[in-house]
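# Architecture and fold: a report
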Amino acid sequence: MMEKFRDNFREEAYELLNSLESSLLALEDDPTDEEQISAVFRSMHTIKGSAAMFGFDHISSFTHEVESVLELVRSGLMRVDEKLTSLTLRARDHVRELLDYGEPASAELVATSEELMQEYRALAAGRASEGGTEAAVEKPVQTREQEKSDRPESTYRIRFEPDASIFQNGTNPLLLLKELHELGDCSCIPYVERLPTLEEINPESCHTAWDVILTTKADVNAIRDVFIFVEDAARIDIQVIDQSDLLDDGPHKRIGQILEERGVVDRERIERAVHSQKRLGELLVENEGIDPAAVESALEEQNHLERARQRVQSELASSSIRVRSEKLDQLVDLVGELVTLQARLSQTVVTESLDGQLLGIAESLERLTSELRDSTMSIRMLPIGTTFSKFKRLVRDLSNELGKSVEIVTEGGETELDKTVIEKLNDPLVHIIRNSIDHGIEKPELRRAAGKRESGTIRLTATHSGASVLIRITDDGAGLNRERIRAKAVERGIISADSKLTDEETAALICAPGFSTADQVTKVSGRGVGMDVVRKEIESLGGTLQIESQDGQGMTTTLAIPLTLAIIEGLLVDVAGEKYVFPLSSITECIELTAEMRSEHRNRRMLENRGEILPYVSLREVFRVGGDTPEVEQIVVTNVQDRKVGFVVDQVVGDYQTVIKNLGRMYRDVEGVSGATILGDGSVALIVDVPHLSQIVVSEQRGRAAVLAER
């Protein structure tokens, strides 16, 4: 059981480390951003407390040391600069290594922890020598061990009544109240009626007391720690008056009940007052001689409890639950099987001409299955910004390593994709961004000579386009060096020396296996592993990769990625009895193709459609399907990245909900097919890889055009 809790802690800690990294990178842009400073401290603070709770003692002690320095920043005793940010990023990476390794930490990891802690101590001591932080360094920050863990919130009533002589030992009660505010939602009610007149007041004595209503996740020991140095100089009473995990929908506490709990008034006096038309508090003050401050304190407690209940109930109503991805994948698989079974039922009802009542049931089931499918798929959708945020650190570290100044700008982080797609996008995006920094963006002196800003920019954007998402990675570097690429391709025997390449074909060369223009092998490039991996990964997702470059202006890499890899809407077609499915999102229309139309265009596989020339290819020829060609065929017109291509089929059957199945290891590299699906009658239909086949058709057309031009 404890191991399960530790696994949950690890998952939450990884999320906190990602948030910590984002906040630190944001502080590099604005070191005075107090919100980000607080976010950094909270992340480290939470990791420290939770680590101790689940047995990660080394992580707890290490983060305690880091937190002590961060407390100096949060208190305004130390400023944020590049040195502190870099050190804390290294500490963040080290905590992740400790989490991966587990307890007890290895000797090497312990040594690294000590090295980092020494750097923090030296940094704090160095800042102290600059002035202003001597006290903070000589007297280390007493970061309280009362961590706000995952325990439910409790509401406490705290009576703080300092002795009149409390000022004489240097204690400021207001600072103690401030510490209570840091623990949670806090309401303070002073008893000002005790204050003497101005003529009688002794400025060296404390003349008041406080009632404090505190809602916090900290336990009672954490609250007592706030008053640990004044226990002998004050009367302190702490009581739990409500707990969020015990909240119910019953009536809230009344003023009389609160006053009775406090011992201010007894039940008999309350009952005498409730029979009047006046408010209970007013009557108790007027007729029973109750201190007005006590009534005011009870009213504030009542309001505080009501606010706490409303907040907890609101959080419960909008809370989310953590579900392991395996369970979610299993749910999607089951929904996929249900979709297939529903299709089989609908087909059976129609083909067997069963009664109308059964037909109505089949139609209702189809509607419910469709809604269930959409709801299930929406659960798997995540904003791609979670991936985008990781690359700020990559750009920062890599640009420093290469001696370049590069910033990254992201847009469209709210664009959602299937979680499986997002997971597989990470490596391709890393390769592209690394290439942009290494090969694309120039050194500062070269950019200055070219009239550019010394700092280069990488722009990472995501936008929806039908059932796909377009991800563009644009840099303002030098663009592709076409001559160098061509020379390397000739040197490696990829092309002949007299080959004439278009810009698109030149760009495609950098995606060739093992291709690299780097002269030396470094940690960043030169191994011939990069864009070819990107192309394979994107194609495995059913997507396409397109590269555009302008000399001296930069390069744009566009990835067209399907929203999901599980269930899609498709168009079922027939070729000689074999069934194929086109993703409906890529189809614009279906038109007829007759023998007359073929002869009219001299069998050039092109025809005019809506004022445009439409290239087309026969699916029968692509997949080498036998059988006789019908007199009238159908052309499925597709549109991929503003390029229209037609696919000739024998017959269009109709819409079909398609559950995508992998082809398996043996057929993974079959061109023109992205998967398969099971039809209602149990037969298998192949899913057409429209983007890939479209590229082949366009390339063939350009090749023919080039041959004709030479003639």
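Let me sum up the structure you'll find in this document. Quick caveat, the model's predicted, so the values are computed rather than measured.

### Notes on the sheet that holds strand β20 (residues 673-678)
Across the sheet, which stays open at both edges, the five strands sit in the order β19-β12-β13-β21-β20 with mixed pairing between neighbours. Only two strands of the sheet have a single neighbouring strand rather than two, namely β19 (651-659) and β20. Averaged over all neighbouring strand pairs, the angle between strand axes comes to 35°, with direction disregarded. Where β20 lies against strand β21 (residues 684-688), five bridges are found, and the strand directions are antiparallel. Paired with I678 across the strands is V684, a residue of β21. Where helix α13 (residues 325-351) meets the sheet, its contacts fall on β12 (567-575), β19 and β20, and the angle it forms with β19 comes to roughly 145°.

### Let's talk about the packing of helix α16 (residues 391-401) against helix α17 (residues 419-440)
In a pair of packed helices, the angle between the axes and the distance between the axes together describe the arrangement. With their axes 11 Å apart at the nearest point, α16 and α17 run at an angle of 30° to one another. For the crossing formed where α16 meets α17, the hand is right-handed. Listed contacts from α17 to F391, L394, V395, L398 and S399 of α16 are N426, L429, V430, I433, R434 and I437. Among the residues making up the contact of α16 with α17, the classes are represented as eight nonpolar, two polar and one charged.

### Side note on helix α21 (residues 531-540)
Within α21, the full set of buried residues consists of M531, D532, V534 and I538. Taken down its axis, α21 places every buried residue within 155° of arc, on the same side. Tucked into the core, α21 has its buried residues touching α17, β10 (544-550) and β11 (554-562). In the stretch just after α21, G542 is the one whose phi turns positive, near 80°.

### Focus: the pattern of salt bridges
Between side chains of opposite charge, pairing is possible as soon as their charged atoms come close. Evaluated as defined, the whole model comprises 31 salt bridges. In this structure, K419 engages E423 in a salt bridge whose closest nitrogen and oxygen atoms are separated by 3.7 Å. A residue pair is termed a helical-turn pair when its members lie 3 or 4 positions apart in one helix, as K419 and E423 do in helix α17 at four residues. Classification of K419 by relative accessible area gives buried; the value is 9%. Among the ionic pairs, E442 bridges to K452, the shortest N-O distance being 3.0 Å. In this pair, E442 sits in the loop between α17 and α18 (444-449) while K452 sits in the loop between α18 and β8 (456-465), placing the two residues 10 residues apart along the sequence. Overall, K452 belongs to the partly exposed group, its relative accessible area being 21%.

### Observations regarding the sheet that holds β10
Ordered by their spatial adjacency, five strands build an open sheet running β6-β8-β9-β11-β10, and the pairing between neighbours is mixed. Only two strands of the sheet have a single neighbouring strand rather than two, namely β6 (406-411) and β10. Within the sheet, the average angular offset between the axes of one strand and its neighbour, ignoring direction, is 15°. Its contacts with the sheet put α16 on β6 and β8, and the angle it makes with β6 is roughly 165°.

### Here we look at the environment of E3
Its place among the elements puts E3 in helix α1 (residues 2-29). The sequence separation of E3 and F54 amounts to 51 residues, and the corresponding C-alpha distance is 8.9 Å.

### Describing the packing of aromatic side chains
Aromatic rings in a pair are described by how distant their centres are and how their planes are angled relative to each other. In the structure shown here, the tally under the stated rule is four aromatic pairs. Centroid distance F160 to W210: 5.8 Å. Interplanar angle 20°. Geometry classified as stacked. Of this pair, F160 sits in strand β1 (residues 154-162) while W210 sits in strand β3 (residues 210-216), placing them 50 residues apart in sequence. What makes W210 buried here is its relative accessible area of 10%. Joined through ring pairs, the aromatic side chains of F160, W210 and F227 make up one cluster. Over the ring of Y191 we find R159; its NZ or CZ atom is 4.4 Å from the centre of that ring.

So, how was this worked out
- Residues numbered from 1 in each chain as written.
- Predicted model: local features only at pLDDT ≥ 70, side-chain atom pairs only at ≥ 80, totals over all residues.
- Heavy atoms only, no water.
- Pairing = 2+ DSSP bridges.
- Helix = DSSP H or I, 4+ residues; strand = E, 2+ residues; numbered from the N terminus.
- Axes fitted to C-alpha atoms, helices over the stretch in contact; angles between N-to-C directions.
- Contact = heavy atoms within 4.5 Å.
- Left-handed = near helix turned anticlockwise from the far one by under 90°.
- Nonpolar A, V, L, I, M, F, W, Y, C, P; charged D, E, K, R; others polar.
- Buried < 20%, exposed > 50% of the residue type's maximum accessible area, 1.4 Å probe, protein only.
- Arc of directions from axis to C-beta.
- Salt bridge = Lys/Arg side-chain N within 4 Å of Asp/Glu carboxyl O.
- Phe/Tyr/Trp six-rings, centres within 6.5 Å; stacked < 30°, edge-to-face > 60°.
- Lys NZ or Arg CZ within 6 Å of the ring centre and 35° of its normal.

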